[in-house]
Amino acid sequence: MKNGTIWQDICGNDIQAHGGCIIKHGDTYYWYGENKGADNCPGRNRVDVIGVYCYSSKDLVNWKYEGLVFESNKDDPASYIHTSKVMERPKVIYNEKNKNFVLWMHIDSADYTYAGVGIAVSESPTGPFVLKRVTVPNRQDSRDMTIYKDVDGTAYLVHSKDWNKTLNIARLNEDYDDLDGFYVSVMADQEREAPALFFHEGMYYMITSGCTGWNPNAALYARCPQLLGKWKLIDNPCVGENSRMTFFGQSSYIFEVDGRFYLMLDHWIPHNLKKSGYSILPIEIDEKNDITVNWQDEWNGI
Ligand code: DGJ
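Residues numbered from 1 in each chain as written. Predicted model: local features only at pLDDT ≥ 70, side-chain atom pairs only at ≥ 80, totals over all residues. Heavy atoms only, no water.

Novice: Outline the overall build of the protein chain, listing residues and values.
Specialist: Broken down by element type, the protein chain carries 0 helices and 21 strands. Taken against the 2.2 N^0.38 rule, which gives 19 Å for 302 residues, the C-alpha radius of gyration of the protein chain at 18 Å falls within 12% of a compact globule. Considered along the principal axes of its C-alpha atoms, the protein chain spans approximately 55 × 45 × 40 Å. For the protein chain, the residues scored as buried account for 57% of the 302 residues in total. For the protein chain, long-range pairs separated by at least 24 residues make up 47% of all intrachain contacts whose partners lie at least 6 apart in sequence. Carbon and sulfur atoms make up 47% of the accessible area of the protein chain, which totals about 12600 Å². For the protein chain, the centre of its 30 positive side-chain charges and the centre of its 41 negative side-chain charges are spaced 3 Å apart. (Helix = DSSP H or I, 4+ residues; strand = E, 2+ residues; numbered from the N terminus. Rg over C-alpha atoms; globule rule 2.2 N^0.38 Å. Buried < 20%, exposed > 50% of the residue type's maximum accessible area, 1.4 Å probe, protein only. Contact = heavy atoms within 4.5 Å. Areas by Shrake-Rupley, 256 points an atom, 1.4 Å probe, with all protein chains shown as cover. Lys, Arg positive; Asp, Glu negative; His and termini not counted. Charge placed at Lys NZ, Arg CZ, Asp CG, Glu CD.)

Now the structure itself:
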């Protein structure tokens, strides 16, 4: 699969799973993301909300379409999930206690002033996910976001707040379907979005992008030995040609396979979002806990 371009599923159709995540359940990988498979609204950098698509794979290369697992509302313009609104960066997490799958996503008004999250649940990885609630987490605005499951099973919503100036790490309840009220603010006034996290040998890492809309900018990573501690900004993890532009991509998620970590990027095409591309790049970690991401022309699985 050619990194930086739109990829196809095993039937030859464009994969519509932007701003997404890849999780493993049993022996299968599931890729969830925004279906942007419609024409842009005339003259605008948006497509009306369709919902969340899911694909499955055993090898991270051959992806089988599993359906529209969460659908927008086409009938009620007042609904938070109406087609006229914003639904971005869907992330799915498995809840061991309830044996169900919980979908979190950025839910917003078309002008991005509502700034909340939506939470939906499903008994099966391939849906259907049923909306449980839409909320503004801890009464703090929330735009780009991800869900992170800590090593002890506690899960957190990591979201940009204060008009993207600062990030919050907000703890979820045991069902993973709401916030429990506890949060910390990190990287104050650093203006980061698109957070993606992982943990390796006693250290937490977070890769973020700058805030330039759909246009690429330099990624930056931060590091901290405690998830809720004082995160330190370190450097741009990307190296080599086009590294100042994150290889023309933006972080969406980091997944782990056999102790190695892989960064998923979206390559947005603002005037034709449905053709936005993907890449998956391995993350190298050295003995000083510094991380680097090199460009690779192709993703051929692991
Ligand atoms: C940057 C964010 O990372 C994207 O998810 C999207 O919200 C765009 N901004 C919209 O301009």
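Novice: Mind laying out the environment of aspartate 39, listing which residues take part and the relevant values?
Specialist: Along the chain, aspartate 39 falls in the loop between strand 2 (28-34) and strand 3 (51-57). Exposure remark for aspartate 39: the relative accessible area of 56% places this residue in the exposed category. Measuring from C-alpha to C-alpha, the distance between aspartate 39 and methionine 187 comes to 36 Å, with 148 residues separating the pair along the chain. Setting aside anything within four residues of it in sequence, one finds aspartate 39 in contact with Val47 and Lys274. At a separation of 2.8 Å, a polar atom in the side chain of aspartate 39 contacts the side chain of lysine 274. (Polar contact = N/O pair within 3.5 Å; in protein donor to acceptor, adjacent residues only side chain to side chain.)

Novice: With reference to specific residues and values, describe the packing of aromatic side chains.
Specialist: Following the criterion strictly, the structure yields 19 aromatic pairs and no others. Between tryptophan 31 and tyrosine 278, the aromatic rings sit 4.9 Å apart at their centres with planes inclined by 75 degrees, giving edge-to-face as the arrangement. With tryptophan 31 in strand 2 and tyrosine 278 in strand 20 (residues 277-285), the pair connects residues that are 247 residues apart, well separated along the chain. Here tyrosine 278 falls in the buried class, since its relative accessible area comes to 2%. Between phenylalanine 199 and tyrosine 204, the ring centres sit 4.5 Å apart and the planes meet at 45 degrees, which makes this aromatic pair tilted. (Phe/Tyr/Trp six-rings, centres within 6.5 Å; stacked < 30°, edge-to-face > 60°.)

Novice: Before we move on, could you go through the sheet that holds strand 17 (residues 238-239) and cite the residues and values that matter?
Specialist: Pairing in this open sheet of 5 strands is mixed, and the strands run 17-21-20-19-18 from one edge to the other. The sheet terminates laterally at strand 17 and strand 18 (250-257), the two strands that pair on one side only. (Pairing = 2+ DSSP bridges.)

Novice: Can you lay out the environment of proline 128 for me, pointing to particular residues and giving the numbers?
Specialist: Within the secondary structure, proline 128 is located in the loop between strand 7 (116-122) and strand 8 (130-135). When its relative accessible area of 63% is taken as the criterion, proline 128 is described as exposed. When residues no more than four places from it in sequence are discounted, the contact partners of proline 128 are Val69, Val121 and Ser122.

Novice: Please provide a residue-by-residue account of the site of the ligand, values included.
Specialist: Near the ligand, the surroundings consist of Glu88, Arg89, Tyr112, Asp144, Glu193, Gly213, Trp214 and Gln250. Within the side chain of arginine 89, a nitrogen or oxygen atom sits 3.0 Å from an oxygen atom of the ligand. For the ligand, a nitrogen atom lies 3.4 Å from a polar atom in the backbone of glycine 213. Coverage of the ligand by the protein amounts to 89% of the 290 Å² it exposes when considered alone. Broken down by class, the residue content of the shell around the ligand amounts to 2 nonpolar, 2 polar and 4 charged. (Near = heavy atom within 4 Å. Nonpolar A, V, L, I, M, F, W, Y, C, P; charged D, E, K, R; others polar.)

Any link to function would need more than the numbers given here.
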